[in-house]
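Single-letter residue listing:
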Amino acid sequence: MVARIYRPAKTAMQSGKAKTQRWVLDYEPEVARSVEPLMGYTSSSDMKQQIRLHFDSKEDAVSYAKRNGIAFRVEEPRERVVRGATYSDNFKFDRIAPWTH
């Protein structure tokens with residue numbers, strides 16, 4: 001079973017960076033999820049999917065995986081690129097798209 005070590009990205013509902021600074025170790029699913037025929041619940045017999053470990057640094061997560069003999073894959077985070085824009089850019093004459101209101 002392969003574990004994935006990553007730093008989660010912020011959700012679309014967040015304006016800040018809460019819960020994105022810690023590293024997470026998750027297990028990749030071994031068995032596909034299936035639909036239970038009577039009630040229609042989605043379930044899996046793979047119990048390691050429920051395990052999620054949080055670490056303060058990537059090195060801590062990697063050393064934990066090595067110490068416990070867990071095969072792992074590290075996914076490096078992509079940093080967000082913020083473009084600077086001002087309100088006056090809405091009224092420029094050399095806009096790419098025409099101003100329509």
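Summarised in this report is the structure supplied together with it. Just so we're clear, the structure is a prediction, and the values are computed from it rather than from any experiment. (Residues numbered from 1 in each chain as written. Predicted model: local features only at pLDDT ≥ 70, side-chain atom pairs only at ≥ 80, totals over all residues. Heavy atoms only, no water.)

A separate point is the nonpolar core. One finds Ala3, Ile5, Trp23, Leu25, Tyr27, Phe55, Ala61, Val62, Ala65 and Ile70 forming the largest nonpolar core, which totals ten residues. Looking at this core, the elements that each hand over two or more residues are β1 (2–6), β2 (23–27) and α1 (58–67). Discounting chain neighbours no more than four positions away, the residues touching Val62 are Ile5, Phe72 and Val74. (Core = buried A, V, L, I, M, F, W, Y, C linked by side-chain atoms within 4.5 Å. Buried < 20%, exposed > 50% of the residue type's maximum accessible area, 1.4 Å probe, protein only. Helix = DSSP H or I, 4+ residues; strand = E, 2+ residues; numbered from the N terminus. Contact = heavy atoms within 4.5 Å.)

Bringing the environment of Lys19 into the picture now. Looking at the element boundaries, Lys19 is found in the loop between β1 and β2. Separated by 31 residues in sequence, Lys19 and Gln50 have C-alpha atoms that sit 19 Å apart.

Turning to α1, its buried residues are Ala61, Val62 and Ala65. Projected onto a plane normal to the axis of α1, the buried residues spread over an arc of 95 degrees and lie on a single side. Along α1, the residues that are exposed and aim more than 90 degrees away from the buried face are Glu59 and Arg67. Tucked inside the fold, the buried residues of α1 contact β1, β2, β5 (52–55) and β6 (71–74). Gly69 sits one or two positions beyond α1 and adopts a positive phi of about 70 degrees. (Arc of directions from axis to C-beta.)

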